[in-house]
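Structural characterization, general
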Amino acid sequence: MTTTDLKLYQIGTFAAGNRLLDPDERSVQADPGRANAITSGHRACQGCGEALGARFVLDAAIRAAEGNIVTANATGCLEVFSTPYPESAWQLAWVHSLFGNVAAVASGIAAALKAQGREHIRVVAQAGDGGTVDIGLGCLSGMFERNDDVLFVCYDNQGYMNTGVQRSGATPPAARTATTKPVGVEPGNVFGQGKDLPRIAMAHEIPYVATATVADLRDLERKVEKAMSVHGARYLHVLVPCPLGWASASKDTIRLARLATQSGLFPVFEAEHGVVTATTPIRQRVPVEDYLTLQGRFAHLFGEPGRPDVVARIQAGADRNIVRYGLAAENEVVPHG
Amino acid sequence: MLRQVEGSRAVADVVARCRPQVVAAYPISPQTHIVEALSDLVRTGELAPCEYLMVESEFGALSACIGASAAGSRTYTATASQGLLFMAEALPNASGLGLPVVMTVANRAIGAPINIWNDHSDAMSQRDAGWIQMFAESNQEAVDLHVQAFVLAERLSLPVMVCMDGFVLTHAVEEIDVPEQDVVDALLPPFVPRQVLDPAAPVTIGAMVGPEAFTEVKYLAAEQQLRALDEIPVVAQEFERATGRRSGGLVGTYRMDDAVTAVVAMGSVLGSVKDVVDQLRDEGVRIGAVTVTCFRPWPLDEVRSALAHVERVIVLNRAFSVGSGTMLGQDVRLTLSASEAPVYDVVAGLGGRAVTRASVQALLAAVLGGKVDPDRLHFLDLDEALLGRDSTPSLLKES
Ligand SMILES: Cc1ncc(C[n+]2csc(CCOP(=O)(O)OP(=O)(O)O)c2C)c(N)n1
Ligand code: SF4
Ligand SMILES: [Mg+2]
């Protein structure tokens, strides 16, 4: 497995890359000998949450499996920006077949490795939210149901970004996309429960389901490590803000991921065999406006006259999550109202 | 050893002797008996090491084969009809990635109207998918073609479809010899993939290619497929040497030596066609039959030389291209474009309609009697009374 020397972007401080930590406690990315699953120089937009998420997920998976990783990728931004002819940013064994079949491709790889007696090689499948919750759901559900030994990672940027930001089954209510313009009585995407894939995954009672965001990369790495310590079907749903699709500033990617969790809109939790086993409580609760106003895709809800009624409905959704997953920190003061 | 056995069972047995490491399949008539038998063989451990993936769809089946093949395992699937169409997106993907998947297609009609019986619409609809397509004339040939298909697929790094007529072959019980394990092993060495997903030597498979090289990539793929035209006869010869049986190859000829009339067809219908040829030969008619065993790649030279001296060609098609003509017929026409011989394009045996000796005989009599227009598409045994009850205007009726 290729490793590259750590590039220290935070020079001038002794804490750079967590070097002061005990080596065992270092994040994968802070390890000078870290595997470099995806090299720099790929063509993702500046501030792309998906590129960041994939790098952390795969580097952590490589470390957990001691380099013995094979990856299958669905069509989507991650696939396109990483492999334009004649280049490839991938430093690990990687295959792309189609948009909607990555779970089945991964199942096939796992079956082959089993038949070859090489089960120490682990399989990671990756897809965007479209390749996961929409077109890929049939194959994914089959993979869950058979409990194939695959870690499936969904990079959720809440839309079909690769094709120009159209709505997916994971696009949130009221969001503007190229197919849900802010026109008509219900501007933006319709209200509905969307496709809550983590809960759909849990309904299959697979060994491990977790959600994470690029705002807490150490948590993301830990969940990958945990997932890799288990065999069978595992599902990791990572929220990855997309500056292009969300019409947000590149510098706000991490901030938006954090606001999504701190508002309750994106619950962070783990589940084993269909039962929630851990949640990440909200540290400092924020109203959904804090999250929404940083994104052009919700701009039509604000300004004059604005749509406070729609914002209130979004807030109600966040509140429901907080109750459902028990995300409220103890003695917390709810700032909105 | 000859055994009285169902075609599907024999195919499952021979596939097992080819030692696939991953089988992924989704049931559809008339393929079901093949995959049921294979799942038994895997469960009992007779076929090992092998993983049988019970996938959620044919799209998943072929996709799992794509993954397994890319990971370096010999893989097999089987389907038919709607199932083949449900795989459609993954078919050119498997060929484009150069993955030697072998698939049985138990040929069946395509709906609507839904119809489970035999014709070739399914395989014909995927003729441009970059797979090698072989058509079995008998159950024995179907069995033999599976061994040859794995050899061919792995030598060329291309996927191969073995087409066998649904029910007519798959469900027919007859005497079939399934080559013994040592014979198959000698013909088919362990799979050595051209490219493999391996952490020890990581590669990127399935990257994007833009206009700057896409045409060249496709050109090279086309050249690779054409290599099958050289390799198929070689594999058939190796098979014959090992088993003493002539099976496969590109094109077969029957009593064509001095024939002036030729019937071209694919699959099990050749049985009846050959009977009619025998009968007409007895009556002094100089007629023969040409079997197209390999449909893709199209064996242009072999078909051309088989039909070099004939005065007329009748093509029996088990499928057609709505709004145009037929697939086999048009390839034959193209092949004979420099010849004067008219090509009579006939659609026969759709959706399980039997192609009887009597109807082939009547057809040939009409052609020889100058009663058939070669510029028109013909439908064998069209039931005029049935059509007459239709109240919507029909162009076909008028023709
Ligand atoms: C069968 C099929 N339908 C549509 C497409 C077009 N397509 C390619 S990527 C994509 C959207 C990908 O969205 P997502 O999975 O969310 O990934 P993202 O690009 O957002 O990371 C679409 C619609 C395709 N490649 N294949
Ligand atoms: S469109 Fe979004 S997901 Fe795609 S590369 Fe740009 S930021 Fe990343
Ligand atoms: Mg997306």
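Residues numbered from 1 in each chain as written. Chains lettered and ligands numbered in written order. Predicted model: local features only at pLDDT ≥ 70, side-chain atom pairs only at ≥ 80, totals over all residues. Heavy atoms only, no water.

Before going further, it helps to spend a moment on the overall build of chain B. The helix and strand inventory of chain B stands at 16 helices and 16 strands. The C-alpha atoms of chain B give 21 Å as radius of gyration, which agrees with the globular expectation for 399 residues (21 Å, within 12%). By principal-axis analysis of the C-alpha atoms, chain B measures approximately 70 × 55 × 45 Å. When each of the 399 residues of chain B is scored for burial, the buried share is 57%. Across chain B, every contact between residues at least 6 apart in sequence was considered, and the portion connecting residues at least 24 apart equals 80%. When the accessible surface of chain B is totalled, it reaches about 16,200 Å², and 53% of it is carbon and sulfur. Here chain B contributes 30 positive and 50 negative side-chain charges, whose respective centroids are spaced 2 Å apart. (Helix = DSSP H or I, 4+ residues; strand = E, 2+ residues; numbered from the N terminus. Rg over C-alpha atoms; globule rule 2.2 N^0.38 Å. Buried < 20%, exposed > 50% of the residue type's maximum accessible area, 1.4 Å probe, protein only. Contact = heavy atoms within 4.5 Å. Areas by Shrake-Rupley, 256 points an atom, 1.4 Å probe, with all protein chains shown as cover. Lys, Arg positive; Asp, Glu negative; His and termini not counted. Charge placed at Lys NZ, Arg CZ, Asp CG, Glu CD.)

So, about the site of ligand 2. Residue and element names in this part refer to chain A. Near ligand 2 you find Ala 44, Cys 45, Cys 48, Cys 77, Phe 81, Asn 157, Cys 242, Pro 243 and Leu 244, and these make up its full shell. Every element with two or more residues in the shell around ligand 2 is listed here: helix H2 (77-82) and helix H8 (243-246). Taken together, the residues that form the shell around ligand 2 break down as 8 nonpolar, 1 polar and no charged. (Near = heavy atom within 4 Å. Nonpolar A, V, L, I, M, F, W, Y, C, P; charged D, E, K, R; others polar.)

The next thing to look at is the layout of surface pockets. Size it by volume and the largest pocket reaches roughly 960 Å³. For the lining of the largest pocket, the elements supplying multiple residues, two or more each, are helix H5 (90-96), strand E9 (204-205) and helix H9 (214-226) of chain B. The element best represented in the lining of the largest pocket is H9 of chain B, accounting for 6 residues. Classifying every residue of the lining of the largest pocket gives 15 nonpolar, 12 polar and 5 charged. What the second largest pocket holds in volume is close to 790 Å³. Along the walls of the second largest pocket sit 35 residues, with Pro 173, Gln 193, Asp 196, Leu 265 and Asn 321 of chain A positioned nearest its centre. Elements that contribute at least two residues to the lining of the second largest pocket include exactly helix H6 (197-203), strand E6 (234-239), helix H10 (288-292) and helix H11 (308-325) of chain A. No other element matches the 9 residues that H11 of chain A contributes to the lining of the second largest pocket. Residue composition of the lining of the second largest pocket, by class: 18 nonpolar, 10 polar and 7 charged. (1 Å grid on protein atoms, 1.4 Å probe; cavity = no way out; pocket = protein on both sides within 12 Å on 5 of 7 lines; lining within 4 Å. Points joined across faces, edges and corners; volume = space filled by probe spheres on them.)

Here the focus is unusual backbone geometry. A cis amide bond, omega 0 degrees, links Tyr 85 of chain A with the succeeding residue Pro 86 of chain A. In this fold, Pro 86 of chain A is placed in the loop between H2 and strand E2 (93-96). In this chain, Ala 112 of chain B is followed by Pro 113 of chain B through a cis amide linkage whose omega measures -5 degrees. Notably, Gln 158 of chain A is not glycine yet its phi reads approximately 65 degrees, a positive angle.

With that out of the way, let us pick up helix H1 (residues 7-17) of chain B. Residue and element names in this part refer to chain B. Of all the 11 residues making up H1, 9 are buried; the element is thus mostly covered by neighbouring parts of the structure. Buried residues of H1: Gly 7, Ser 8, Ala 10, Val 11, Ala 12, Asp 13, Val 14, Val 15 and Ala 16, and no others. Positioned one or two residues after H1, Arg 19 has a phi angle of 55 degrees, which is positive.

Attention now goes to the coordination of the magnesium ion (ligand 3). Tetrahedral metal sites with four donors have an ideal angle of 109.5 degrees; octahedral sites with six donors have ideal angles of 90 or 180 degrees. Residue and element names in this part refer to chain A. Donor atoms from the polypeptide that coordinate the magnesium ion (ligand 3) comprise Asp 129 (OD), Asn 157 (OD1) and Gly 159 (O), at 2.0 to 2.1 Å from the metal. Binding-site remark: the magnesium ion (ligand 3) is held by donors from one chain whose sequence spacing is D-x27-N-x1-G. In this pair, Asp 129 sits in helix H4 (residues 129-134) while Asn 157 sits in the loop between strand E4 (150-156) and H6, placing the two residues 28 residues apart along the sequence. A relative accessible area of 5% places Asn 157 in the buried class. (Donors = N, O, S within 2.8 Å, 3.2 Å for Na, K, Ca; no water.)

Bringing the environment of Ser 97 of chain A into the picture now. Locating Ser 97 of chain A in the fold gives a position in the loop between E2 and helix H3 (102-115). For Ser 97 of chain A, a relative accessible area of 5% translates into the label buried. Taking the C-alpha atoms as reference points, Ser 97 of chain A and Gly 164 of chain A, 67 residues apart in sequence, are found 21 Å from one another. Contact partners of Ser 97 of chain A, with chain neighbours within four places excluded, come to Asn 73 and Val 105 of chain A together with Ile 66 and Asn 93 of chain B. One polar contact links Ser 97 of chain A to Asn 101 of chain A, side chain to side chain, over a distance of 3.0 Å. Among the polar contacts made by the side chain of Ser 97 of chain A, one reaches the side chain of Asn 93 of chain B at a distance of 2.6 Å. (Polar contact = N/O pair within 3.5 Å; in protein donor to acceptor, adjacent residues only side chain to side chain.)

Attention shifts here to the pattern of salt bridges. Residues and elements named next belong to chain A. With the rule as written, the count across this model stands at 35 salt bridges over all chains. The shortest N-O distance in the salt bridge between Glu 270 and Lys 226 comes to 3.6 Å. Of this pair, Glu 270 sits in strand E7 (residues 269-272) while Lys 226 sits in helix H7 (residues 217-228); the two residues are 44 residues apart in sequence, bridging distant segments of the chain. What makes Glu 270 buried here is its relative accessible area of 6%. Accessibility expressed as a relative area gives 29% for Lys 226, which makes it partly exposed. (Salt bridge = Lys/Arg side-chain N within 4 Å of Asp/Glu carboxyl O.)

Before going further, it helps to examine the sheet that holds strand E5 (residues 102-107) of chain B. Residues and elements named next belong to chain B. If you walk across this open sheet you meet the 7 strands as E3-E2-E4-E5-E7-E6-E13, and the pairing is mixed. With one partner strand each, in any of the chains shown, strand E3 (51-54) and strand E13 (294-296) form the two edges of the open sheet. Direction aside, the axes of adjacent strands within the sheet are offset by 20 degrees on average. Sheet topology note: the strand E6 (residues 132-135)/strand E7 (residues 160-165) ladder contains 4 bridges and is parallel. Across the sheet, residue Gln 133 finds its bridge partner in E7, namely Met 161. Sheet strands in contact with helix H2 (residues 32-43) are strand E2 (22-25), E3, strand E4 (75-79), E5 and E7, and its direction is about 130 degrees off that of E3. (Pairing = 2+ DSSP bridges. Axes fitted to C-alpha atoms, helices over the stretch in contact; angles between N-to-C directions.)

What follows is about helix H5 (residues 137-146) of chain A. For H5 of chain A, the buried fraction is high: 7 of the 10 residues fall into the buried class. Among all positions of H5 of chain A, only Leu 137, Cys 139, Leu 140, Gly 142, Met 143, Phe 144 and Arg 146 of chain A are buried.

It is worth spelling out the side chain of Glu 50 of chain A at this point. Positionally, Glu 50 of chain A belongs in helix H1 (residues 49-64). Aside from chain neighbours lying at most four places away, what touches Glu 50 of chain A is Cys 77, Leu 78, Phe 81, Gly 128, Tyr 155, Asn 157, Val 240 and Pro 241 of chain A.

Here the focus is the packing of aromatic side chains. Under the definition given, this model contains 10 aromatic pairs over all chains. Seen from their ring centres, Trp 90 of chain A and Trp 94 of chain A are 5.5 Å apart, and the 15 degrees between their planes marks the pair as stacked. Take Trp 90 of chain A and Trp 94 of chain A: they sit in the same class, and that class is buried. Ring geometry for Phe 320 of chain B against Phe 379 of chain B: centres 5.1 Å apart, planes inclined by 90 degrees, an arrangement best described as edge-to-face. One end of the pair, Phe 320 of chain B, is in the loop between strand E14 (312-317) and helix H13 (327-335); the other, Phe 379 of chain B, is in strand E16 (residues 377-379), and 59 residues separate them in sequence. The class of Phe 379 of chain B is buried, set by a relative accessible area of 19%. Among the aromatic residues, ring-to-ring pairing joins Phe 144, Phe 152 and Tyr 235 of chain A into one connected group. (Phe/Tyr/Trp six-rings, centres within 6.5 Å; stacked < 30°, edge-to-face > 60°.)

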